Amino acid sequence: MTQIFVRTGIHFADCEAALQHIGIEMLAKGVVHESYPKALVEREAIFPTGIALECHAVAIPHCEAIHAKTPAIYLIRPDEPVRFQRADDDDDIPVTLIIALIVENPEAQLKLLKRLFSELQNPEVMDSLLAVSSSQLGELFRNTLLEPQMSAAS
């Protein structure tokens, strides 16, 4: 069962600050190994995760499965957009939702990434994720993006 953590009402000076925050928080939650924070920052530098959508932008930072102890997703809706380098070119984009993936199975990680890319293209899904209260964000994400994948896999 994938744990979902949510944080809203936070400000980051840049994507590096956001990634450092993710590393510290996920270590504190016990879902990653000590190697995770450094691996997350290093992977983002080589393979940026900013994705421009129709009306918004997201970042889906993640790293190799060997750094995970247990599956988790950390959803962050910052007070102000955080600039992440785009995955598909050298520009950066203002990201309004950060979806940090901690996956211990590389095959599951690939399936989840494909599902996220597909579902997040729907402006209604993104609008809902950005509009829902922080207390409902995790449940909405699970019901909209995570559980359908789980049912399809069984």
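Residues numbered from 1 in each chain as written. Predicted model: local features only at pLDDT ≥ 70, side-chain atom pairs only at ≥ 80, totals over all residues. Heavy atoms only, no water.

Quick word on the overall build of the protein
At step 1: In terms of regular secondary structure, the protein is built from 5 helices and 7 strands.
At step 2: The order of α-helices and β-strands along the protein, N terminus first, is β-α-α-β-β-β-β-β-β-α-α-α.
At step 3: A compact globule built from 154 residues would reach a C-alpha radius of gyration of about 15 Å, and the protein, at 14 Å, matches this within 12%.
At step 4: A total of 154 residues make up the protein; the buried ones form 46% of that total.
At step 5: Long-range contacts, defined as pairs at least 24 residues apart, comprise 70% of the intrachain contacts of the protein with a sequence gap of at least 6.
At step 6: Across the protein, 12 positive and 22 negative side-chain charges occur, with their mean positions spaced 6 Å apart. (Helix = DSSP H or I, 4+ residues; strand = E, 2+ residues; numbered from the N terminus. Rg over C-alpha atoms; globule rule 2.2 N^0.38 Å. Buried < 20%, exposed > 50% of the residue type's maximum accessible area, 1.4 Å probe, protein only. Contact = heavy atoms within 4.5 Å. Lys, Arg positive; Asp, Glu negative; His and termini not counted. Charge placed at Lys NZ, Arg CZ, Asp CG, Glu CD.)

Description of the nonpolar core
At step 1: Grouped together as the largest cluster of nonpolar side chains are 27 residues, with contacts concentrated most on I22, M26, Y36, F84 and I98.
At step 2: For this core, the secondary structure elements donating two or more residues are α1 (15–29), α2 (36–46), β3 (57–59), β4 (72–77), β5 (82–85), β6 (92–95) and β7 (97–102).
At step 3: Looking at this core, the element that brings in the most residues is α1, giving 5 residues.
At step 4: Those residues in contact with I22 that lie beyond four places of it in its chain are Y36, L40, P61, Y74, I76, I98 and A100. (Core = buried A, V, L, I, M, F, W, Y, C linked by side-chain atoms within 4.5 Å.)

What about helix α3 (residues 106–120)?
At step 1: Helix length check: α3, at 15 residues, gives a terminal C-alpha distance of 21 Å against a target of 21 Å (1.5 Å per residue), a fit within 8%.
At step 2: Listed as buried for α3 are Q109, L112, L113, R115, L116 and L120. Take α3 and look down its axis: the buried residues cluster within an arc of 165 degrees, on one side only. Across α3 from its buried face, at more than 90 degrees, point the exposed residues E107 and K114. (Expected span 1.5 Å × (residues − 1). Arc of directions from axis to C-beta.)

Description of the environment of E147
At step 1: Looking at the secondary structure, you find E147 in helix α5 (residues 134–153).
At step 2: Look at E147 and you get partly exposed, because its relative accessible area is 27%.
At step 3: C-alpha of E147 to C-alpha of T2: the two residues are 145 residues apart in sequence and 10.0 Å apart in space.

In short, geometric facts, not functional conclusions.
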